[in-house]
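Next come the chains, spelled out residue by residue.
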Amino acid sequence: MPTIYQLKSRFQDLLRPVCRSLAANGVTANQVTLAALGLSIGEGLLLWIFPGSFLPLILLPLVLFIRMGLNAIDGMLAREHDQKSDLGAVLNELGDVLSDAALYLPFALLPFVDGPIVVGLVVLAIIGEMTGVIAVQIGASRRYDGPFGKSDRAALFGFCGFLMAFGLTAPLLYQILFGAGLALSAVTIFNRARAAIREKQSA
């Protein structure tokens, strides 16, 4: 199914000069991964401490975009500059789910948002990423199937944060948007599990 993740290769092409410069200056993939996690936790703290405030909400789309760039760069540093490591693999997977939780759970504190839907969305997001990793455990490749992967979640929450920053607080709107994200997350889990099993069986 279509997903923003399919644009990753084009995004990486734009970032490759930056990646080369970082590598030349001794920056490591793990440092970039930790920077992305630190940025996410910092923004998440702002969203939690100042729920519904303009500045944290309007910063969210920018933070999510920077995080996406850092995530692409750490992968390129690992693959293209011989920086792959077991620690890097662990930091990459844990960093993604911790960043998602830090950035998105504060939305459950907002009075015009259905908290359980947001919490459920974050839980399914974690299960979805775990499903992608389990594929490796059974002998398939790491699965990134859609329709609602990491980049798609970022687009949804970034869009909602932008709307909220400018005072759009209609509860029904966010019930629909986050409810759709919840349903698509469940479909994503199914698709990743099915694709992993099919890949293993056809190997």
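No experiment lies behind these values; they were computed from the predicted model shown.

Draft legend 1. Structural context of the packing of aromatic side chains. Inspection of the entire model under this criterion finds 8 aromatic pairs. Aromatic side chains Phe54 and Phe166 sit 5.6 Å apart centroid to centroid with 85° between the ring planes, which places their arrangement in the edge-to-face category. Of the two residues, Phe54 is situated in helix α3 (residues 54–80) and Phe166 in the loop between α6 (150–165) and α7 (171–202); the sequence distance between them amounts to 112 residues. Residue Phe54 is classed as partly exposed on the basis of its relative accessible area of 44%. Between Tyr104 and Phe157, the aromatic rings sit 4.0 Å apart at their centres with planes inclined by 10°, giving stacked as the arrangement. Placement of Tyr104 in helix α4 (residues 86–104) and of Phe157 in helix α6 is noted, with a sequence separation of 53 residues between them. Its relative accessible area of 1% is what places Tyr104 among the buried residues. Phe157 sits in the buried class, given a relative accessible area of 0%.

Draft legend 2. Summary view of the nonpolar core. Counting residues in each nonpolar core, the largest one holds 26 residues, and the members touching the most others are Tyr104, Phe107, Val113, Phe157, Met164, Tyr174 and Phe178. Every element with two or more residues in this core is listed here: α3, α4, α5 (115–137), α6 and α7. Ignoring sequence-local partners within four residues, the contact set of Phe157 consists of Leu60, Leu64, Tyr104, Phe107, Val118, Leu121 and Phe178.

Draft legend 3. Structural detail: the environment of Glu80. Residue placement: Glu80 occurs in helix α3. In this structure the C-alpha to C-alpha distance between Glu80 and Arg20, which are 60 residues apart in sequence, comes to 9.2 Å. At 2.7 Å, the side chain of Glu80 and the side chain of Arg16 are in polar contact.

Draft legend 4. Geometry of the pattern of salt bridges. Throughout the structure, instances matching the rule amount to 12 salt bridges. Two residues, Arg142 and Glu93, come together in a salt bridge whose shortest N-O distance is 3.1 Å. Here Arg142 is found in the loop between α5 and α6, whereas its partner Glu93 is found in helix α4, with 49 residues between them in sequence. Given a relative accessible area of 15%, Arg142 falls into the buried group. Judged by its relative accessible area of 23%, Glu93 falls in the partly exposed class. In this structure, Arg153 and Asp100 form a salt bridge, with 2.8 Å as the shortest nitrogen-oxygen distance. Linking Arg153 in helix α6 with Asp100 in helix α4, this pair joins segments that are 53 residues apart in sequence. With respect to class, Arg153 is no different from Asp100; both count as buried.

Draft legend 5. Representation of helix α2 (residues 29–49). Taking 1.5 Å as the rise per residue, α2 with 21 residues should run 30 Å; its terminal C-alpha atoms sit 30 Å apart, in good agreement. For α2, the complete set of buried residues consists of Ala29, Asn30, Val32, Thr33, Ala36, Leu37, Ser40, Glu43, Gly44 and Leu47. Along the long axis of α2, the arc covered by the buried residues comes to 165°, so they all point the same way. Those residues of α2 hidden inside the fold are in contact with α3 and α4.

Draft legend 6. Structural detail: α5. With 23 residues, α5 ought to run about 33 Å at 1.5 Å a step, and its terminal C-alpha atoms sit 33 Å apart, in line with that. Elements in contact with the buried residues of α5: α4, α6 and α7. Positioned one or two residues after α5, Gly139 has a phi angle of 100°, which is positive.

Draft legend 7. Structural view of the packing of α5 against α6. For the pair α5 and α6, the least separation of the axes is 11 Å and the interaxial angle reads 160°. Classified by the angle their axes make, α5 and α6 are roughly antiparallel. For α5 against α6, the interelement crossing comes out left-handed. Between α5 and α6, the contacting residues are Val118, Leu121, Ala125 and Glu129 on the first element and Lys150, Arg153, Leu156 and Phe157 on the second. Taken together, the residues of the contact of α5 with α6 break down into 5 nonpolar, no polar and 3 charged.

Cut-offs applied
Residues numbered from 1 in each chain as written. Predicted model: local features only at pLDDT ≥ 70, side-chain atom pairs only at ≥ 80, totals over all residues. Heavy atoms only, no water. Phe/Tyr/Trp six-rings, centres within 6.5 Å; stacked < 30°, edge-to-face > 60°. Helix = DSSP H or I, 4+ residues; strand = E, 2+ residues; numbered from the N terminus. Buried < 20%, exposed > 50% of the residue type's maximum accessible area, 1.4 Å probe, protein only. Core = buried A, V, L, I, M, F, W, Y, C linked by side-chain atoms within 4.5 Å. Contact = heavy atoms within 4.5 Å. Polar contact = N/O pair within 3.5 Å; in protein donor to acceptor, adjacent residues only side chain to side chain. Salt bridge = Lys/Arg side-chain N within 4 Å of Asp/Glu carboxyl O. Expected span 1.5 Å × (residues − 1). Arc of directions from axis to C-beta. Axes fitted to C-alpha atoms, helices over the stretch in contact; angles between N-to-C directions. Parallel < 35°, antiparallel > 145°, perpendicular 65-115°, else oblique. Left-handed = near helix turned anticlockwise from the far one by under 90°. Nonpolar A, V, L, I, M, F, W, Y, C, P; charged D, E, K, R; others polar.

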